[in-house]
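Take a look at the letters that make up each chain.
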Amino acid sequence: MEKIGKRFQGKVAIVTASTQGIGFSIAERLGLEGASVVISSRKQNNVDEAVEKLKARGIEVLGVVCHVSNAQQRKNLIDKTVQKYGKIDLIVSNAAANPSVDTILESKESVLDKLWEINVKASILLLKDAAPHLQKGSSVVFISSISAYQPPASMAMYGVTKTALLGLTKALAAEMAPNTRVNCVAPGFVPTHFAEFITSNDAVRKAIEEQTLLNRLGTTEDMAAATAFLASDDASYITGETLVVAGGMPSRL
Ligand code: NAP
């Protein structure tokens, strides 16, 4: 971390679902590189704690409660950002839900609706609200998953919603060009609260590590580094792409 640059000086970044895990590390990385970061999640106390942690690292940060499927809270997130910082340069859409381990055909309709709503639709609606404030040279990054390429049985429909983000990346890259680049990161397995049901089981954890070429799980910092690259001007000729960050786990040719 000591060697990181300042690629986001003067930039304003919104990261959804960013009070812990991958989202928090992305906010931290963008902030350490000079961005003013707007973090959010469903619970006020989580927002407050994360704001304090980032401030302690010298980061300029605003915290706003935002459940991504709540229209009013999404609007408030954009309004508060623009009121405080006047513009938006970067949006990282990171929120996701994985409410069930049922197979697709056994999933309740309410579960299918929730997966679509949080993992895909909310990202689109947030961008609709943000679009008028996005600057020339702005950048959007979606957080998908290695599961997008080969949805695992225990989280098949979740995987399919992550596949949808790969298509959304392509479609919005075309729609938002040339002023805004749209890219995507597909993380491998990272031991966060979200993945606890997988990575806390020793046998499962070992099996996943063996599927990687690098013999380890990912870290939240690995995902933050890739996201920061795509969001930065270092990637100024890259749009509509998905970067797989999964230690060499099988994804595609
Ligand atoms: P995490 O550590 O469990 O963190 C989840 C964060 O999201 C928390 O800050 C939580 O705070 C917030 N959150 C949850 N639901 C939300 C909602 N509806 N609206 C707004 N905020 C919400 O999760 P993570 O592992 O970092 O996952 C982040 C992203 O990475 C997800 O898109 C996930 O699909 C993707 N991913 C993760 C892995 C992995 O192995 N961990 C692998 C591939 C992809 P509150 O509780 O306060 O809301």
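Here the structure is a predicted model, which means the values were calculated and not measured. Position numbers for residues count from 1 along each chain, tracking the sequence in the order it is written. At least 70 in pLDDT is required for a residue's local features to be given in this predicted model, at least 80 for side-chain atom pairs to be given and counted, and no such filter applies to totals for whole chains, interfaces and linings, which use all residues. Side-chain numbers here rest on the full set of heavy atoms in the structure, without hydrogens or water.

K.L.:
How would you explain a nonpolar patch on the surface if you had to name every residue and give the values?
P.N.:
Patches here are clusters of residues that have more than 30% relative accessible area and form no salt bridge, with a 9 Å joining cutoff for like charges and a 5 Å cutoff for nonpolar side chains (Val, Leu, Ile, Met, Phe, Trp, Tyr). Under the convention used here, a 1.4 Å probe and the Shrake-Rupley method define accessible areas, while residue burial counts only the protein chains that appear. Whenever a carboxyl oxygen of Asp or Glu lies within 4 Å of a side-chain nitrogen of Lys or Arg, that contact is scored as a salt bridge. A cluster of nonpolar side chains, Ile104, Leu105 and Val160, forms an exposed patch at the surface whose accessible area comes to about 290 Å². Inspection of the secondary structure assignment puts Val160 in helix H5 (residues 156-176). What counts as a helix is a DSSP run of H or I of at least four residues, what counts as a strand is a run of E of at least two, and both are numbered from the N terminus.

K.L.:
So, the side chain of Ser139: which residues are in play, and what are the values?
P.N.:
Looking at the element boundaries, Ser139 is found in strand S5 (residues 134-143). Judged by its relative accessible area of 1%, Ser139 falls in the buried class. Working definition: with a 1.4 Å probe on protein chains only, accessible area under 20% of the residue-type maximum means buried, over 50% means exposed, and in between means partly exposed.

K.L.:
If you had to explain the sheet that holds strand S7 (residues 242-245) to someone new, which residues and values would you point to?
P.N.:
Remark on secondary structure: sheet strands pair via backbone hydrogen bonds, oriented parallel or antiparallel. Ordered in space as S3-S2-S1-S4-S5-S6-S7, the seven strands form an open sheet in which the pairing is parallel. Each of the sheet's edge strands pairs with one partner strand only, and the pair in question is strand S3 (61-65) and S7. Across the sheet, the axes of successive neighbouring strands diverge by a mean angle of 20°, strand direction being ignored. Here the rule is simple: two strands pair whenever DSSP picks up at least two bridges between them. Sheet analysis places S5 next to strand S6 (residues 180-187), joined by six bridges and oriented parallel. Of the residues in S6, the one forming a bridge with Ile143 is Val185. The axes used here are C-alpha line fits, helices contributing only the stretch in contact, and every angle between their N-to-C directions lies in the interval 0 to 180 degrees.

K.L.:
Now, about the pattern of salt bridges: what can you tell me, with residues and values included?
P.N.:
One pass over the full model with this rule turns up 10 salt bridges. Its salt-bridge partner being Glu33, residue Arg7 comes within 2.9 Å of it at the nearest N-O pair. Here Glu33 lies in the loop between helix H1 (21-32) and strand S2 (36-41) and Arg7 lies in the segment before strand S1 (12-15), a separation of 26 residues in the sequence. For Glu33, a relative accessible area of 0% gives the class buried. Across the salt bridge formed by Glu33 and Arg29, the nearest N and O atoms sit 3.0 Å from each other.

Remember that the coordinates give geometry; whether it matters functionally is a separate question.
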